[in-house]
Amino acid sequence: MAGLSLKSLHKSYGEVEVIKGVDLDIEHGEFVVFVGPSGCGKSTLLRMIAGLEDITGGELWIGDKLCNAVEPRDRGIAMVFQNYALYPHMTVYDNVGFGLKLAKTPHDVREQKIREAARILQMEHLLDRKPSQLSGGQRQRVAIGRAIVRQPEVFLFDEPLSNLDAALRVDTRMEISKLHQDLGATMIYVTHDQVEAMTLADKIVVLNAGVVQQVGAPIDLYQRPANLFVAGFIGSPKMNFVEVKVGAVNGETVTVSGQDVLNLQLTKPAASLGVGDTLTLGVRPHDLTPVASGSILGRVALIERLGNETIVNVELPSGASWLAVLAGDHALTRGESLTFNADPAKTILFDKAGNAVY
Ligand code: ADP
Ligand code: MG
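We now turn to the structure provided with this report. The structure displayed is predicted, hence computed values, not measured ones.

A short note on the site of ligand 1
(1) Moving on: By nearness alone, every residue bordering ligand 1 is listed as Y13, V18, P37, S38, G39, C40, G41, K42, S43 and T44.
(2) Moving on: One of the backbone nitrogen or oxygen atoms of G39 is found 2.6 Å away from an oxygen atom of ligand 1.
(3) Moving on: A distance of 3.2 Å separates an oxygen atom of ligand 1 from a polar backbone atom of C40.
(4) Moving on: With the chains in place, 55% of the 560 Å² that ligand 1 exposes on its own is no longer accessible.
(5) Moving on: Looking at the shell around ligand 1 element by element, the count peaks at three residues for helix α1 (residues 42–50).
(6) Moving on: Residues of the shell around ligand 1, tallied by class, amount to four nonpolar, five polar and one charged.

Describing the pattern of salt bridges
(1) Moving on: With the rule as written, the count across this model stands at ten salt bridges.
(2) Moving on: In this structure, E315 and R299 form a salt bridge, with 3.3 Å as the shortest nitrogen-oxygen distance. Of this pair, E315 sits in strand β17 (residues 309–315) while R299 sits in strand β16 (residues 296–305), and the two are 16 residues apart along the sequence.
(3) Moving on: For R299, a relative accessible area of 32% corresponds to the partly exposed category.
(4) Moving on: If you follow the salt bridges from partner to partner, you end up with K11, R47 and E53 in one network.

Concerning the sheet that holds strand β2 (residues 16–26)
(1) Moving on: Here we have four strands laid out as an open sheet, ordered β2-β1-β4-β5, and antiparallel in their pairing. Lying at the two open borders of the sheet, with one neighbouring strand each, are β2 and β5 (65–66).
(2) Moving on: The pairing of strand β4 (residues 57–62) with β5 spans two bridges and is antiparallel. Within β5, the position partnered with W61 by the bridge is L66.
(3) Moving on: Against the sheet, α1 makes contact with β1 (4–13), β2 and β4, and its axis sits at roughly 115 degrees relative to β1, the strand it touches most.

The rules behind the values
Residues numbered from 1 in each chain as written. Chains lettered and ligands numbered in written order. Predicted model: local features only at pLDDT ≥ 70, side-chain atom pairs only at ≥ 80, totals over all residues. Heavy atoms only, no water. Near = heavy atom within 4 Å. Polar contact = N/O pair within 3.5 Å; in protein donor to acceptor, adjacent residues only side chain to side chain. Areas by Shrake-Rupley, 256 points an atom, 1.4 Å probe, with all protein chains shown as cover. Helix = DSSP H or I, 4+ residues; strand = E, 2+ residues; numbered from the N terminus. Nonpolar A, V, L, I, M, F, W, Y, C, P; charged D, E, K, R; others polar. Salt bridge = Lys/Arg side-chain N within 4 Å of Asp/Glu carboxyl O. Buried < 20%, exposed > 50% of the residue type's maximum accessible area, 1.4 Å probe, protein only. Pairing = 2+ DSSP bridges. Contact = heavy atoms within 4.5 Å. Axes fitted to C-alpha atoms, helices over the stretch in contact; angles between N-to-C directions.

Now the structure itself:
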């Protein structure tokens, strides 16, 4: 049984601090996804857990063991990388079993573990092939097989699907999800793809510039993002933003206005707001509805009619560009003026520091 605990983890390369104090608890059996833009420190953090990077400061606990100075092979972890790095001259069978052979695992135990991994990954029919005779998805399965035979307490994945084409990514994503259910092992998975994060994770950790922005269940991050960064990163297409000022605060509602917004009434947050406060309004593209005289003003800049939905690129008076995703087909024309209302329960306001106001 191994959960993990990261306590104020820091990593610097020379003068440059890339991980700036990460605190995180991961339960045994949890599927945790580190997500964030390229260069934010996801791989570095994962490699620190694996023992492939030194820890500059803080503590890494795996189970009840302080692991800062523990050798990678003694941490009970196995890592799967984006580049599967298989041995080209070896069969799948030998690739999967290579680590066990190095560890001088007896032949029959090795055989049994390799066959079990092949069964779990549904690649028993591939065991005699060489990597060159496999598709990208099959190669990645071999790399995962290599991790499985080690029976680690914790699996680490660093963007394992990035080299696969779109359809295969979806299939392999489901296989990894199923693998997690079957093995019940702790898994930590790194990706820059928020859809992968949303679909795989029990718990998402959003990172930006070496700092954790928010930790939570996927749907909580979507519905109650902590700040502008998370709001803009989680959800597709991206949340729309515009600057507004508070015009009035009444019992249950708050009215905001701006260059692009005319007296939009929203559910009042519990936090106190004063008339005249400058805020950022966030509305997801799916929460906009075109109406005869709505509060959000725009002009149709582009329109994509997909049949089941209509994606409208709207130019606001300030020049801001928003997306609206409308259910069903809408015969709009380029250049036409439109007004929208936003679902008042789903819009989010952010203060000057970029923190969501609830
Ligand atoms: P991610 O995986 O989120 O794309 P990384 O963890 O690979 O990001 O990198 C985080 C930051 O650390 C980047 O700015 C990167 O340039 C820097 N970095 C990574 N490895 C090294 C290294 N060995 N030496 C110096 N800087 C590094
Ligand atoms: Mg990376």
